[in-house]
Amino acid sequence: MLTDNHGRPINYLRLAVTDRCNLRCFYCMPHEGIDFLPKNHLLSYEEMIRLITVLSEMGVNKVRITGGEPFVRKDLMDFLWKISENKNIQKINLTTNGVLTAPFVPELKALGIASVNLSLDSLDRERFMQMTRRDELPNVLKTLDALLEHEIPTKINTVVMAQKNDEDILSMVDLGKDKPVSIRFIEEMPFNGVGFGNEKSKPLTYQNIIEKIRTKYPDLYKTTDEANSTSYNYQIPGHKGSVGVIAAFSRTFCGTCNRIRITPTGSFKTCLYEDGGANVRDLMRKGISDDDLKDFFRETLQHRAKDGFEAEKMRKTVVRESMTTIGG
Ligand code: SAM
Ligand code: SF4
């Protein structure tokens, strides 16, 4: 079992398969001026399968595929099928914006996807467009319907930003009245390609979000959170779905963090907030053996920050990268 220097077991890999995306979410990417990576800078599918195989021999049993938008990378489904052949991987999860996903939902079901996180910040077409800079709400809703129709466990990720979509909080919660989805509100983080800069206002916190939900649903009650959960979870009596808040900026969940990340270019990150991270793509292209790769993972995890605040303090530069280059 892979463990870090704080005794935390590591069993969850988040793998970003591309930095490209078909949306331009306000909180994630600048409108323009983005330099996408040339293809040969990205890990190939073969390299990613090798990394998953090596890590799965060290105790990693859960993989989340993310990005950028995973479905803009060609042949994603073949790659997912390949991962599903690894018997050590018990759960394959996917995070998607849902724009291109609907036609692939039956195949996701067939390969045994454990759950899908669908990003959706507003049910209002105009505001969706303001948030994502693209008019794609109908396609995202088609994906949601397809996921529910195929009974794939679905979580909706909603990034909440003051004065942008905080008015959507209650309509998003209402979605869970008849649909068995978990609506998870995420505090905005500064991974938007430019950083928070000199903004005076702090992002909405998870407490602000819960207070807002209680204005309509005072009987909202706390439920038990799974081990390693990043969300505080709640239920509303009579609702089929549930509600969660992810304190991504307040970083309340670091103590039980079981996650590691590999970026599209192969940086190995032991924390979302760290900069750099040694590069496994380069190690593999220089011919490292599987055993030495395992030593590299073990060794790197011996220098892991205890939490996101420590990781941020250890950075050489202020946070300003886009979430697409880290893998959300
Ligand atoms: N494109 C896919 C999607 O949007 O679901 C996968 C990648 S996206 C980077 C993964 C998650 O990160 C999304 O749920 C998105 O809302 C979240 N995210 C992106 N930028 C963020 C930020 N600045 N603060 C908080 N969450 C962010
Ligand atoms: Fe694209 Fe996802 Fe970032 Fe939105 S959050 S710009 S969908 S990668």
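Structure's up top.
Residues numbered from 1 in each chain as written. Chains lettered and ligands numbered in written order. Predicted model: local features only at pLDDT ≥ 70, side-chain atom pairs only at ≥ 80, totals over all residues. Heavy atoms only, no water.

Peer 1: Any chance you could break down the site of ligand 1 for me, citing the residues and the numbers?
Peer 2: Taken together, the neighbourhood of ligand 1 is formed by 19 residues, with Tyr-27, Gly-68, Ser-119, Asn-157 and Met-189 sitting nearest. In this structure, a nitrogen atom belonging to ligand 1 sits 3.2 Å away from a side-chain N or O atom of Glu-69. Across the complex, the protein chains shield 96% of the 540 Å² of accessible surface that ligand 1 would expose by itself. At the level of elements, strand E3 (91–96), strand E5 (154–160) and strand E6 (182–187) are the ones that each hand at least two residues to the shell around ligand 1. (Near = heavy atom within 4 Å. Polar contact = N/O pair within 3.5 Å; in protein donor to acceptor, adjacent residues only side chain to side chain. Areas by Shrake-Rupley, 256 points an atom, 1.4 Å probe, with all protein chains shown as cover. Helix = DSSP H or I, 4+ residues; strand = E, 2+ residues; numbered from the N terminus.)

Peer 1: Tell me about the pairing of E6, residues and numbers included.
Peer 2: Counting buried residues along E6, six of its six residues qualify, which places the element largely inside the surrounding structure. Taking every second residue as pointing to the same face, both faces of E6 are buried, with Ser-182, Arg-184 and Ile-186 on one and Ile-183, Phe-185 and Glu-187 on the other. As paired elements, E5 and E6 share six bridges and run parallel to each other. Within the sheet, the bridge partner assigned to Thr-158 lies in E6 and is Phe-185. What joins E5 to E6 is helix H6 (residues 169–175), and the crossover it makes is right-handed. Inspection of the sheet shows E6 paired to strand E9 (residues 242–246) by five bridges, in the parallel sense. What sits directly across from Phe-185, in E9, is Val-245. (Buried < 20%, exposed > 50% of the residue type's maximum accessible area, 1.4 Å probe, protein only. Pairing = 2+ DSSP bridges. Right-handed = clockwise from strand over helix to strand, strands pointing away.)

Peer 1: Can you break down empty space enclosed by the protein residue by residue, with the values?
Peer 2: Tallied over the entire structure, the rule returns one cavity of 30 Å³ or more. What lines the largest cavity is simply Leu-23, Cys-25, Asn-97, Ser-119, Leu-120, Asp-121, Phe-128 and Thr-132. Each residue belonging to the lining of the largest cavity can be placed in one class, and the counts come to four nonpolar, three polar and one charged. (1 Å grid on protein atoms, 1.4 Å probe; cavity = no way out; pocket = protein on both sides within 12 Å on 5 of 7 lines; lining within 4 Å. Points joined across faces, edges and corners; volume = space filled by probe spheres on them. Nonpolar A, V, L, I, M, F, W, Y, C, P; charged D, E, K, R; others polar.)

Peer 1: I'd like to hear about the site of ligand 2, residue by residue, with values.
Peer 2: The local shell around ligand 2 consists of Cys-21, Leu-23, Cys-25, Tyr-27, Cys-28, Met-29, Gly-68, Asn-97 and Thr-324. The residue makeup of the shell around ligand 2, split by class, is six nonpolar, three polar and no charged.

Peer 1: Explain the packing of aromatic side chains residue by residue, including any values.
Peer 2: With the rule as written, the count across this model stands at seven aromatic pairs. Taken together, a centroid distance of 5.2 Å and an interplanar angle of 40° make the contact between Tyr-206 and Tyr-232 tilted. Here Tyr-232 lies in strand E8 (residues 231–235) and Tyr-206 lies in helix H7 (residues 206–216), a separation of 26 residues in the sequence. Look at Tyr-232 and you get partly exposed, because its relative accessible area is 24%. Members of the aromatic cluster, each reached through a chain of ring pairs, are Phe-268, Phe-296 and Phe-297. Sitting over the face of the ring of Phe-249, Arg-251 holds its NZ or CZ atom 5.5 Å from the ring centroid. (Phe/Tyr/Trp six-rings, centres within 6.5 Å; stacked < 30°, edge-to-face > 60°. Lys NZ or Arg CZ within 6 Å of the ring centre and 35° of its normal.)

Peer 1: Which residues make up helix H5 (residues 137–149), and what values go with them?
Peer 2: The first and last C-alpha atoms of H5 sit 18 Å apart over 13 residues, in line with the 18 Å expected at 1.5 Å per residue. When we look at burial in H5, the residues that qualify are Leu-137, Val-140, Thr-143, Leu-144, Ala-146, Leu-147 and Leu-148. The inward-facing, buried residues of H5 contact helix H3 (105–110), strand E4 (115–119), helix H4 (125–132), E5 and H6. Taken from the residues just after H5, Glu-151 is the one with a positive phi, measuring 55°. (Expected span 1.5 Å × (residues − 1). Contact = heavy atoms within 4.5 Å.)

Peer 1: A description of the sheet that holds E9 should follow, citing residues and the corresponding values.
Peer 2: Across the sheet, eleven strands lie side by side as E7-E8-E9-E6-E5-E4-E3-E2-E1-E10-E11; this open sheet has mixed pairing. Looking along the sheet, the strands with just one partner apiece sit at the ends: strand E7 (221–222) and strand E11 (268–269). Sitting on the sheet, H7 touches E5, E6, E8 and E9, and the angle it makes with E9 is about 155°. (Axes fitted to C-alpha atoms, helices over the stretch in contact; angles between N-to-C directions.)

Peer 1: So, unusual backbone geometry: which residues are in play, and what are the values?
Peer 2: Of note, the phi angle at Glu-151 is positive, near 55°, even though the residue is not glycine. Under the relative-accessibility criterion, Glu-151 is labelled exposed at 65%. Phi at Arg-251 takes a positive value of approximately 55°, unusual for a residue other than glycine. Its place among the elements puts Arg-251 in the loop between E9 and strand E10 (259–262). According to the relative accessible area criterion, Arg-251 is buried, its value standing at 8%.

Peer 1: Provide a residue-level description of the pattern of salt bridges, including the pertinent values.
Peer 2: Counted according to the given criterion, the structure contains 17 salt bridges. Here Asp-282 ties to Arg-281 by a salt bridge, and the two come within 3.0 Å at their closest N and O atoms. When its relative accessible area of 31% is taken as the criterion, Asp-282 is described as partly exposed. Judged by its relative accessible area of 13%, Arg-281 is buried. Look at the salt bridges and you will find they share partners, linking Asp-4, Arg-8 and Arg-304 into a network. (Salt bridge = Lys/Arg side-chain N within 4 Å of Asp/Glu carboxyl O.)

Peer 1: Give me helix H1 (residues 45–56): which residues, what numbers.
Peer 2: With twelve residues, H1 ought to run about 16 Å at 1.5 Å a step, and its terminal C-alpha atoms sit 16 Å apart, in line with that. With nine of twelve residues buried, H1 lies mostly within the body of the structure. Among all positions in H1, only Tyr-45, Glu-47, Met-48, Ile-49, Leu-51, Ile-52, Val-54, Leu-55 and Ser-56 are buried. Close packing links the buried residues of H1 with strand E1 (12–16), strand E2 (62–66), helix H2 (76–84), E10, helix H8 (280–285) and helix H9 (290–300).

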